Amino acid sequence: MNLPSFAPRCDLFCRVIDNYGDIGICWRLARQLLAEKGCGVRIFVDDLAAFIRLCPEATQSAAQVCGGVEIHRWDERLSGSGAVEAADLVIAAFGCALPPPVLEAMAARARTGTAPCWINLEYLTAESWIGECHGLPSPHPGLPLSCHFFFPGFDERSGGLLREHDLPQRRAAFDRAAWWRGIGAEPPEEGIAVSLFAYENPALPGLLRAWEESPVPIVGLVPESRLFASLAGHMGHAPRVGEVWRRGALSLRFLPFVRQEEYDWLLWACELNFVRGEDSLVRALWAEKPCVWQIYPQEAGAHYGKLEAFLARYTVGLSPDAAASLRDLSAYWNSPGGGETAWQNFSGHLPALTTHARDWARKQAMQADLATALIAFARQRR
């Protein structure tokens, strides 16, 4: 659903808590709001170094334009007169508190009857309770403003998932053989190509041993990340970008850190993808390939419930054995302990999981995407 008659000016506020997920989601959303919805978009981010990793043409400049999106450093300069002009749609990513000057500017608009639509964009979860909370207002205690909770999710009671409208066409046009030649290799004719993007993980040595002993070749593609340090202990030396390391049936090819568009290509080039966090999971799901998710750890093991909720939704339609194989490998990858045989069970179900991944993604794509849902929500409250 396109709404060209309503293209609000949009501000996104992002504090980078850890890694690149927060700013990565904001950057992806901002570009879609600009390209597909015609919005003028500004991002205020407190860690430009993290943003530069995703957008190498960016600099440490306090204000710049990248891909048509205004990028502003979130610091004391935010109190300047130009920075506090309130937009029509104000998105606080993942519960970050807006700066007081911005709140005051929003309240000034509210007093004239043109209050901005203020969104608290929450983290993705498959838990059913979000259906009761999605879209609910939370009045500000001292200003004539209300913030609305907006939950990305997997059904019509949520805000949907980030997905560009031309994604299926770009995926269909992808030249897998040319991509492999571009990294100095040929697509494996036998065996399994796997992308491996993860946090540090004590389950890694067990998985690598299973791959080394595999009856079919395993080609692992490892983009630069914190996982390099974890691999050093198993390999006996720190991996280097461009290196190819082999042991048994396993070969690991180490790739540079890639920007978001190129990460999609990596996912499309493999038969299986190990992913971490939120943004990588969503891109892996749209890749129509099986994936194993390393969910971001939370205190008191709160993340395990979120992982189980996702698997409960994702495995609908799979045979009990195939679903169990994905659950077992996911459990091992997120909470290692006595489950190193999980890979053997999982790999035997890979054909069924591949068919399921394609069918699941195409069915999920029937739901409105996150950017469209945000604009529709803001339009209703104009």
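The coordinates are above.
Rules used in this analysis
Residues numbered from 1 in each chain as written. Predicted model: local features only at pLDDT ≥ 70, side-chain atom pairs only at ≥ 80, totals over all residues. Heavy atoms only, no water. 1 Å grid on protein atoms, 1.4 Å probe; cavity = no way out; pocket = protein on both sides within 12 Å on 5 of 7 lines; lining within 4 Å. Points joined across faces, edges and corners; volume = space filled by probe spheres on them. Helix = DSSP H or I, 4+ residues; strand = E, 2+ residues; numbered from the N terminus. Nonpolar A, V, L, I, M, F, W, Y, C, P; charged D, E, K, R; others polar. Axes fitted to C-alpha atoms, helices over the stretch in contact; angles between N-to-C directions. Parallel < 35°, antiparallel > 145°, perpendicular 65-115°, else oblique. Left-handed = near helix turned anticlockwise from the far one by under 90°. Contact = heavy atoms within 4.5 Å.

### Focus on the layout of surface pockets
Link 1 in the chain: Approximately 710 Å³ is the volume found for the largest pocket.
Link 2 in the chain: Residue lining of the largest pocket: 32 residues in total, with Gly21, Tyr199, Gly277, Glu278 and Asp279 positioned closest to the centre.
Link 3 in the chain: Going through the elements one at a time, helix H1 (21-37), helix H9 (260-269), helix H10 (279-286) and helix H11 (302-314) are the ones with two or more residues in the lining of the largest pocket.
Link 4 in the chain: Partitioning the lining of the largest pocket into residue classes produces 15 nonpolar, 8 polar and 9 charged.
Link 5 in the chain: Quantified by volume, the second largest pocket comes out at close to 250 Å³.
Link 6 in the chain: As for the second largest pocket, its lining consists of Phe154, Arg313, Val316, His356, Asp359, Trp360, Lys363, Gln364 and Gln367.
Link 7 in the chain: Element by element, the count of residues in the lining of the second largest pocket is highest for helix H14 (residues 350-364), at 5 residues.
Link 8 in the chain: Broken down by class, the residue content of the lining of the second largest pocket amounts to 3 nonpolar, 3 polar and 3 charged.

### Considering the packing of helix H7 (residues 204-212) against helix H8 (residues 227-235)
Link 1 in the chain: Two elements in contact, H7 and H8, have axes separated by 10 Å at closest approach and are oriented at 60 degrees. Here H7 is positioned oblique relative to H8, judged by the angle of their axes. As H7 packs across H8, the resulting crossing turns out to be right-handed. Of H8, the residues touching H7 (which contributes Leu204, Pro205, Leu208, Arg209 and Glu212) are Leu227, Ser230, Leu231 and His234.
Link 2 in the chain: When its residues are assigned to classes, the contact of H7 with H8 shows 5 nonpolar, 2 polar and 2 charged.

Geometric descriptors of this kind do not, in isolation, establish any biological role.
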